[in-house]
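# Fold and contact review
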Amino acid sequence: MTTATDGTTTAADAPGPSSPLVSTFVRLKLALLRNGLRQSAGRRAAYLASVLFALAGAALLLLGLLALRDSTHAATVTVLATAVLAVGWAVMPLFFASGDETLDATRLVMLPLRPRPLVRALLVTSLVGIGPLFTLCFAVGSAVAVGRGAAGLLTGVVAVPLALLLCVALARAVASANIRLLSSRKGRDLAVLSGLLIAVGAQVVNFGAQRLSAPGGLAKLDPAAEVLRWLPPSASIGAVDSMSRGAYGTGLAQLALCGVVLAVLVAFWGRSLTRLMTAPDGSTLQAAEPSRDRGRGRWRGGGRGGAHGLSRLLPPGRTGAVMERSLRYIWRDPKTKAAWVTSLAIGLIVPLFNALQGTGSVYIACFASGMLGILMYNQFGQDTSAFWMVAMTISSAPDAYAELRARALALSLVTVPYAAFVVVVTVGVLGDWGRLAEVLGLSLALLGAMLATGAWASARFPYSIPQEGYKNVAPGQAGLAWISVFGGMVGAALLCTPVIALSIWLHVVGGWGELVLGVGALYGYGLVLAGLRLAAPRVADRLPEILSAVSRG
């Protein structure tokens, strides 16, 4: 029931029926969860594992926070940790929107629901799940860690649910404001980059933990905590600390600030829902067609003869066409783009962070070659079922060799200069310029070995990459992916043994490290040629098997 034409409010907006609506939404979320777990045993196992992991993490976190109760930096740690948790809640819908169907309010657009009762129902529904349970445990532990006396504990009774509601409302407001983006192609591109966010965040946390473990490290965070204790939801934990120290006015002001921000978030959420459920979807408007056609025109470039930009610099014939197709995959395919961005970022972050800590070695710069070389594995998986068009052009081993060589050349356009760049940056940060040539030679040898084993693994262990969702391996093919990647990495390391032995021998006899650069580059190039030669006959003989393997996603 909705608002009548004469402006009177019907039962949908009355206070009484809101409770049945809330219970209905809670049952709906539980039904979605239950039906999702019925789809496969693997999904049930993954969900149960995540529940156990979250509960174990929450228990350990709670014990750790309780251990901070008598620490002088308890307030600093809890306030900063609450701010980090709030940031996680804010960005979670942008990267994992597909994990909770209730985040997409457009599914309810045809139902006769008013924004205010809908917001109440969705807010209560958002409290059901692993994330809210973890946040509740964290908030309780933080309040107990900083709370002292009756005033502090009583304030914690109010501050804990307030912090939880702020986190949930923040996530919902962000999701409602960006749901059009999340359901578009750009949103899918953003979602598949979640692995990069996690990897970068892990490196940042590791770097920060090592810095803070030094004597007096936590004291450096006190100024930041003094600012964040006035920003909700950290202000709710700050209010408990203020009340415990007798600053009652400050504590009440912080609680009031949290209440005001919660009201603003809920109001913004309601307005976003109203706009989302009444405004037309711009992606279906005909006005967008001319710009889209112009964008296609820029990409087409009038065919191979009139191609623009980089395509004009590529070699003619099959090699250039395959290279251009591979480069387009990098730019336009969400999963391929995510793999490239992740490899490029992690390949630089790991050596650079280790170098900045002052404890790293110049040889860790070879990590970039390993990350970039993985991109050669499962080359045909990115084609998915469209691989049949590639298979139609392969009738012999020379055709397969030309196909693999062009794909390796496309990768080399980016991987070779980038690997060299990472080596130079790492050596520069550590100031060990005398080993630049040696490390660069080892890096090029490893990259060549990865490309060689990647070509062979693409022919022997192909697997499908699902186009939808966050998984990069189709169900039932995880074993193939593990064998392909990790087996190839071990093989590549073994193939680099001669160059590693040469480097060690030159260190012993005090020879020229520059010799490793030349030998490593030539050796890596030779490995690539040998790997392509070995893989080409297998590709030509196994075209039906490869097509079947990559078409499951």
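I will try to describe carefully the structure that is included in this document. The model shown is predicted, which means the values in this text are computed figures rather than measured ones.

## Let's talk about the side chain of Ser236
Along the chain, Ser236 turns up in helix 11 (residues 234-244). A relative accessible area of 0% places Ser236 in the buried class. With near-sequence residues (within four places) excluded, Ser236 lies in contact with Ala159, Ala163 and Cys258.

## Some words on the nonpolar core
Ranked by size, the top nonpolar core spans 36 residues in total, and within it Phe25, Leu118 and Trp269 carry the most contacts. Contributing elements (two or more residues each) for this core: helix 1 (18-37), helix 3 (74-96), helix 4 (115-126), helix 5 (130-146), helix 6 (149-177), helix 11 and helix 12 (248-278). Broken down by element, this core gets its largest block of residues, nine residues, from helix 6. Aside from chain neighbours lying at most four places away, what touches Trp269 is Val119, Leu122, Leu123, Arg172, Ala173 and Ser176. Ranked by size, the runner-up nonpolar core spans 29 residues in total, among them Ala368, Leu532, Ala535 and Leu543.

## A look at unusual backbone geometry
Between Pro232 and the following residue, Pro233, the backbone shows a cis peptide bond with an omega angle of 0°. Along the chain, Pro233 falls in the loop between helix 10 (222-228) and helix 11. Phi is positive for Thr384, close to 50°, though the residue is something other than glycine. Within the secondary structure, Thr384 sits in the loop between helix 16 (367-373) and helix 17 (387-391).

## Concerning the environment of Ala139
Relative to the elements of secondary structure, Ala139 occurs in helix 5. Counting along the chain gives 57 residues from Ala139 to Thr82, while the straight-line C-alpha distance between them is 7.9 Å. Sequence-distant contacts of Ala139, defined by excluding residues within four places in its chain, comprise Val160 and Ile237.

Rules and cut-offs
- Residues numbered from 1 in each chain as written.
- Predicted model: local features only at pLDDT ≥ 70, side-chain atom pairs only at ≥ 80, totals over all residues.
- Heavy atoms only, no water.
- Helix = DSSP H or I, 4+ residues; strand = E, 2+ residues; numbered from the N terminus.
- Buried < 20%, exposed > 50% of the residue type's maximum accessible area, 1.4 Å probe, protein only.
- Contact = heavy atoms within 4.5 Å.
- Core = buried A, V, L, I, M, F, W, Y, C linked by side-chain atoms within 4.5 Å.

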